[in-house]
Amino acid sequence: MRMLLTAILGGGVLMLCGWDTCSAQDVTPNDTMGGTCGFHDERALHIGVQLAKGGKHRRALECLSPLFSRDSTSLGAEQRLSLAYWLGKVHHHRARRRQALEVWRMGMRQSTSSPGFHYFLADAFIRAAMQRQSTRDYARATTAYLALLRRSDEGLAEQEREIVQKHLRELALILPPRVQRETGVRFDRSDFETSIDKKSGAVGTLMGWWRTQDPVPSTRQNERLFEHLRRVAYARANYSQDGRLDDRGKVYIRLGQPHRDVSIGMPNQETVSRVSTRLRRNEFWTYPHIDQKAYYLFVEKDPEVFDLGGVTDLFPPDMMPGRKYLYEMETVLRELATFHGDYGLPSADVFDRASWSRDNQQYGLGPDPIDGPVRGFVRKIEDRIESVDQQNAERRRRRVPQVYSETSNEYPNLAVASRVSRYLTREGHTRLEMYWSVPADLLRNTDDMGAGAGRYNDGYDVTFLTTLLRRGENHGRQQTKSTKHRIDDPFSLRGVLPPQSVSTIIRDSLFHVNCQWDQYIVSEATGDRTIARRHVTRYDTLTALDDDPATLEISDLKLLSVPEGRSATRIATVGIPYPFSRVDTSQTLGIKFEIYHLQSDVDGRTRYTVDYTVHRQETEKGFFATLFGREDEKETTVTTTHQGQDGRTTEYILLDSKNLFEKESSTVTVTVKITDEVTGQVVARSVSFQTVASIAQK
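Reading guide: rules and limits
Residues numbered from 1 in each chain as written. Predicted model: local features only at pLDDT ≥ 70, side-chain atom pairs only at ≥ 80, totals over all residues. Heavy atoms only, no water. Helix = DSSP H or I, 4+ residues; strand = E, 2+ residues; numbered from the N terminus. Buried < 20%, exposed > 50% of the residue type's maximum accessible area, 1.4 Å probe, protein only. Contact = heavy atoms within 4.5 Å. Pairing = 2+ DSSP bridges. Axes fitted to C-alpha atoms, helices over the stretch in contact; angles between N-to-C directions. Salt bridge = Lys/Arg side-chain N within 4 Å of Asp/Glu carboxyl O. Parallel < 35°, antiparallel > 145°, perpendicular 65-115°, else oblique. Left-handed = near helix turned anticlockwise from the far one by under 90°. Nonpolar A, V, L, I, M, F, W, Y, C, P; charged D, E, K, R; others polar. Expected span 1.5 Å × (residues − 1). Phe/Tyr/Trp six-rings, centres within 6.5 Å; stacked < 30°, edge-to-face > 60°. Lys NZ or Arg CZ within 6 Å of the ring centre and 35° of its normal. Lys, Arg positive; Asp, Glu negative; His and termini not counted. pLDDT = per-residue confidence, 0-100.

(A) Representation of the overall build of the protein chain in the model. For the protein chain, the count of helices and strands is 18 helices and 28 strands. Here the protein chain holds 698 residues, and the buried ones make up 49% of them. In the protein chain, once contacts between residues fewer than 6 apart in sequence are set aside, the share between residues at least 24 apart is 65%.

(B) Main features of the sheet that holds strand S28 (residues 682-692). Within the open sheet, the five strands sit side by side as S22-S28-S27-S24-S25. Their pairing is mixed. Pairing within the sheet leaves two strands with one partner each, and these edge strands are strand S22 (582-584) and strand S25 (633-644). Each neighbouring strand pair of the sheet contributes to a mean axis angle of 30 degrees, computed without reference to strand direction. By the bridge criterion, twelve bridges tie strand S24 (residues 606-618) to S25 in an arrangement that is antiparallel. Across the sheet, Tyr612 pairs through a bridge with Val638, a residue of S25.

(C) A look at unusual backbone geometry. Of note in the backbone geometry, Asp242 takes a positive phi value of approximately 55 degrees without being a glycine. Turning to its location among the elements, Asp242 is positioned in the loop between strand S6 (240-241) and strand S7 (244-245). For Asp242, a relative accessible area of 75% translates into the label exposed.

(D) Looking closely at the sheet that holds strand S9 (residues 282-286). Pairing within the open sheet is antiparallel, and its four strands lie in the order S8-S9-S10-S11. For this open sheet the edge positions go to strand S8 (260-262) and strand S11 (305-308), each flanked by a neighbour on one side alone. For this sheet the average axis-to-axis angle between neighbouring strands, irrespective of direction, equals 25 degrees. Where strand S10 (residues 295-302) meets S11, four bridges bridge the pair, whose relative direction is antiparallel. Its bridge partner being in S11, Glu300 is matched across the sheet by Phe306.

(E) Main features of the pattern of salt bridges. Scanning the entire structure with this criterion turns up 32 salt bridges. The partner of Glu170 in a salt bridge is Arg236, and the shortest N-O contact between them spans 2.8 Å. In this pair, Glu170 sits in helix H7 (residues 158-172) while Arg236 sits in helix H10 (residues 223-238), placing the two residues 66 residues apart along the sequence. Note on Glu170: relative accessible area 3%, which makes it buried. Overall, Arg236 belongs to the buried group, its relative accessible area being 11%. Between Glu394 and Arg397 there is a salt bridge whose closest N-O contact spans 2.7 Å. Of this pair, Glu394 and Arg397 both sit in helix H14 (residues 376-399), three residues apart, roughly one helical turn. Judged by relative accessible area, Glu394 falls into the partly exposed class, the value being 33%. For Arg397, a relative accessible area of 28% puts it in the partly exposed group. Sharing partners across several salt bridges, the network here consists of Asp123, Arg127, Glu170 and Arg236.

(F) Spatial organisation of the packing of helix H3 (residues 77-93) against helix H5 (residues 119-131). Between H3 and H5, the least distance of the axes is 9 Å, while the angle of their chain directions is 40 degrees. On the basis of the axis angle, H3 is oblique to H5. For the element pair H3 and H5, the recorded crossing hand is left-handed. Side by side, H3 and H5 meet where Leu81, Ala84 and Tyr85 of the first sit next to Phe120, Leu121 and Ala124 of the second. Looking at side-chain class alone, the contact of H3 with H5 contains six nonpolar, no polar and no charged residues.

(G) Summary view of the environment of Val232. Structurally, Val232 is set in helix H10. A sequence separation of 21 residues divides Val232 from Ile253, and the C-alpha atoms of the two residues are 5.9 Å apart. Setting aside its immediate chain neighbours within four residues, Val232 contacts Glu170 and Ile253.

(H) Geometry of helix H1 (residues 41-53). Between its first and last C-alpha, H1 extends 18 Å over 13 residues, near the 18 Å set by a 1.5 Å rise per residue. Taken as a whole, H1 has its buried residues at Asp41, Arg43, Ala44, Leu45, Ile47, Gly48, Val49, Leu51 and Ala52. Just past H1, the residue Gly55 takes up positive phi, approximately 80 degrees.

(I) Representation of the packing of aromatic side chains within the structure. With the rule as written, the count across this model stands at 21 aromatic pairs. Ring plane angle 70 degrees and centroid distance 5.5 Å describe the contact between Phe187 and Phe192, whose orientation is recorded as edge-to-face. Both residues of the pair, Phe187 and Phe192, count as buried. Geometrically, the ring pair formed by Tyr295 and Tyr343 is edge-to-face, given 5.9 Å between the ring centres and 65 degrees between the ring planes. In this pair, Tyr295 sits in strand S10 while Tyr343 sits in the loop between helix H12 (323-339) and helix H13 (344-363), placing the two residues 48 residues apart along the sequence. Accessibility assignment for this pair places Tyr295 and Tyr343 in one class, buried. An aromatic cluster is present here, built from Tyr234, Tyr239, Tyr252, Trp285, Tyr287, Tyr296 and Phe298 joined pairwise through their rings. In this structure, Arg396 is placed above the aromatic ring of Tyr295, and the distance from its NZ or CZ to the ring centre is 5.7 Å. Lys558 extends its terminal NZ or CZ atom over the ring of Tyr435, reaching a point 5.1 Å from the ring centre.

(J) Geometry of the side chain of Arg396. As for its placement among the helices and strands, Arg396 is situated in helix H14. Buried charged residue Arg396 carries no salt bridge. Nearest counter-charge: Asp389, at 7.1 Å. Aside from chain neighbours lying at most four places away, what touches Arg396 is Arg189, Lys293, Tyr295, Tyr296 and Leu308.

(K) Region of interest: the confidence of the model for the protein chain. Looking at the protein chain as a whole, the pLDDT averages 81, with 82% of positions reaching at least 70. Mean pLDDT values for the elements of the protein chain range from 34 in strand S1 (residues 4-9) up to 97 in strand S19 (residues 553-554). Below pLDDT 50 for its whole length, residues 1-35 participates in 55 contacts with residues either more than four positions away or in separate chains. Low pLDDT, under 50, characterises residues 370-374; the stretch is placed with eight contacts to residues that sit more than four places away or in other chains.

(L) Fine view of the pairing of strand S17 (residues 510-523). Judged by how many residues are buried, S17 sits mostly within the fold: 13 of 14 residues are covered. Bridging between S17 and strand S18 (residues 529-543) involves twelve bridges; their strand directions are antiparallel. Note that in S18 the partner of Phe511 across the bridge is Leu542. The antiparallel hairpin formed by S17 and S18 contains five residues in its connecting segment, where Gly527 sits at a positive phi of about 80 degrees.

(M) Fine view of helix H9 (residues 202-212). Judged by how many residues are buried, H9 sits mostly within the fold: eight of eleven residues are covered. Among all positions in H9, only Ala202, Val203, Leu206, Met207, Gly208, Trp209, Trp210 and Arg211 are buried.

(N) Fine view of the environment of Leu333. Turning to its location among the elements, Leu333 is positioned in helix H12. A C-alpha to C-alpha distance of 9.5 Å links Leu333 and Gly265, two positions 68 residues apart in sequence. If we skip the residues at most four places from it in the chain, Leu333 touches Val311, Tyr343, Pro346, Ser347, Val350 and Ile385.

Below, the structure is given as structure tokens:
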């Protein structure tokens, strides 16, 4: 039964709330009227938090729960977020996981509608949502995580900084080397240690990198971020001690659930019973679906802390290298060899020597070198096994990827080639055009679809769903545009699919574009439809064209494939968009571009100069060029002068591939520079591609 007593002691006031005393100096006469837990709202919140910090969760619940239930209006935004955090924490300590998540969920809803941000609340909600695998909370959890990262540059209290540092250390495990260098958020794969020395601009780089990891831009969720947060939550719950991840947790966040997880020499395993009561606890993980070298032996060197180790780490340091050690080494290696072939040869050698030792004991074959003072073989095999472990660790660093994600393996990749061009409409808006194509043989080949492809052997058609997602400067989703393209007879196509295009109007000065292609095949017999392949491409940090009528502007350069023998005057009618990055040197190319805001002279005419430069750098160097570092670069410039009457015009350039590209493979950059001869303004654009010498020319 709840007690509320006020006593007069020597002229002082003592307030008793249940069995917990509250300091007399913290209580005013009004505090005992009309509030919760005997106090007004702010006082009740303070008392409830102190009770929770003191581990008196039942009494804290009595103070905090009524406050939260009636959504007290006397509390400020920060106080309401603090209330949600502490009430959820009390529920969590009382093993009420569902209630804790519900309270934190409601707190995060309040957070989105208020200017405040509560780092502890966000962190608690993320962990709880992912541990319970609550799909309804995934979107809000990722939003909270990104908000936490975005605010990591703000002045933080020590405990808030630790929350951010913890997330950054977990993020470091999966960052590619380039992003680690740019941000100072690092993970050393040699010693499995993370370090945080955040550089200027790191937050923007990290936010941008996470956006590039979205495997399916057409959905509102970032599936790869979901996967990361789920792995982090699991690792924190199962592979951490005192808030620090051990090496198992680090590997789990990088690679996910192992294919096999066993303990060597422990009871209830697949091969042997426990070999020694002194053998250290351990876990052996394998990832054969990633790489044959993706295996890890974790050894408990401190209580409940498992670090990456080797075979000799399984044995206590004070274990003497005698016959008993040899026999236990034999059993351990034999068991390891059943799980991975790298331990096969050492296991065979130890088995042979252990067998000889046993026979010698039984039949008296002669002096046993194992029983000698040096125990040379045991020391030698220890050195050999340690060397094998070191070699395999180095191979693992070279061959095993930094991170493995299940989200990227849902469908085979579709080899889409694409480019984008920006144009300026007469209304002054930027129009973005994305044009694309695929090799025709992909439309006929279903080998990479696996067993399910058999349903389509009776014939099928192909449908492409192209989704163009535009995001604003802060990466917020702004517009999605999808188009379908159906091919009724994919077997009739040769070469490449005729280029397709998707356009959208841009109304932002800075924007980003995600493009996703889903290839569906539809059975002619049953009508069954399935996704065969998928591809995602991103174009980051694009700017709108300048719509100021007084400023010279030019569109992007659009590559065109031109039939051989056609003149420059025919490019407009016969040129086909060319989205591929590789160009056969026998292929004739053209370039299309538009010029805007040309100014007129006193006679009402425009005068401008077009310079186009072809810069070539050979990519197949000979021996001496490589030896002496000689760069084989060539550059050709062509200049033409034009007159007209319109302030905007469309131009075409026919590239002389036979003379410009030659027969060697090269990286080619074409730059077009426009000079307005009336105003002197200059503007330029470039386009690059790789030339490949055709077989017929070699």
